[in-house]
Amino acid sequence: SNMKIVGVDINGAFAEYVSLPEVVVWKNKEGISPEIAALQEPLGSTFESVMVEDIAGKVVLVLGCGPMGLLAIAVARLGGAANIIATEINDYRRKLAVDIGADYVFDPAGDGVHSNVMGITGGKGVDVVIEMSGNPAALSFGLDMVTAGGRVSLVGLFSGNVNMELTSKVIFKGVRLYGITGRKFYSTWVKMGNLLASGRLNVLSRLITHRFGLSDFEEAFDLMNTGNCGKVMLSVV
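Described below are features of the structure shown in this document. (Residues numbered from 1 in each chain as written. Predicted model: local features only at pLDDT ≥ 70, side-chain atom pairs only at ≥ 80, totals over all residues. Heavy atoms only, no water.)

1. Quick word on the side chain of Lys173
1) Next: Inspection of the secondary structure puts Lys173 in the loop between helix H7 (166–171) and strand E6 (176–179).
2) Next: One buried charge, Lys173, has no salt-bridge partner; the nearest side chain with opposite charge is Asp144, at 5.9 Å.
3) Next: Those residues within four positions of Lys173 in sequence are excluded, and the remaining contacts are Leu143, Asp144, Val146, Thr147, Ala148, Gly149 and Ser168. (Helix = DSSP H or I, 4+ residues; strand = E, 2+ residues; numbered from the N terminus. Buried < 20%, exposed > 50% of the residue type's maximum accessible area, 1.4 Å probe, protein only. Lys, Arg positive; Asp, Glu negative; His and termini not counted. Salt bridge = Lys/Arg side-chain N within 4 Å of Asp/Glu carboxyl O. Contact = heavy atoms within 4.5 Å.)

2. Some thoughts on the packing of aromatic side chains
1) Next: Enumeration according to the criterion identifies 2 aromatic pairs in this entry.
2) Next: With centroids separated by 5.4 Å and ring planes inclined at 75°, the aromatic side chains of Trp26 and Trp189 adopt a geometry described as edge-to-face. Note that Trp26 is positioned in the segment before helix H1 (34–38) and Trp189 in helix H8 (residues 185–198), a separation of 163 residues in sequence.
3) Next: Given a relative accessible area of 9%, Trp189 falls into the buried group. (Phe/Tyr/Trp six-rings, centres within 6.5 Å; stacked < 30°, edge-to-face > 60°.)

3. Digging into the packing of helix H2 (residues 40–51) against helix H3 (residues 67–78)
1) Next: At a minimum axis separation of 9 Å, H2 and H3 run at an interaxial angle of 55°. The angle between the axes of H2 and H3 places the two elements in the oblique class. The handedness of the crossing between H2 and H3 is right-handed. Every residue of H3 that contacts H2 at Pro42, Leu43, Ser45, Thr46, Phe47, Val50 and Met51 is listed here: Met68, Leu71, Ala72, Val75 and Ala76.
2) Next: Among the residues making up the contact of H2 with H3, the classes are represented as 10 nonpolar, 2 polar and no charged. (Axes fitted to C-alpha atoms, helices over the stretch in contact; angles between N-to-C directions. Parallel < 35°, antiparallel > 145°, perpendicular 65-115°, else oblique. Left-handed = near helix turned anticlockwise from the far one by under 90°. Nonpolar A, V, L, I, M, F, W, Y, C, P; charged D, E, K, R; others polar.)

Now the structure itself:
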């Protein structure tokens, strides 16, 4: 109830100095590179969104393949998902999603996405939806695709109010909605740190597609806004 988010509740980390409570300082395990260590903040939220319930043997649908959606694919693969389906409008990121571990990737603007997902799942829909896009149309699609008794994790941030048909899409289907904000800091980060140190998440290095010096931040942000990238890293060294 007292959580404060950097960049939301207090000024963000592009300030020259940021004051944080000592209790949230995290010591990385030896052998984790600075770039992979820098991925832990978005990875923590993603880890919580995917693993808030067991996903072993389940069909997972990831909506939006920006950096956090791509992380969700990697975590779902590690968590034992039977099939991972992703939707992404950007061609560059669709290809990256396949490289990270998605079994099927579709352009949501194309025809036949609904029938393709239903074909993959034998007509029953997916067990788990991870909403990363913040797009109301994507959320509506996810609620259509989730099976009765399924689960939807909401991570993407919406710019305004979202109209949903709750009666048929959520209530009558017995769907569980999880709002994911931040992560359970200690339990999530302990698991995440152990996985990173073990090397079982080494696919994350392929998610980092571009690197810039801090002085080139404008070029980095321009690239990020095109969507033709995975995770963009700024080096302060």
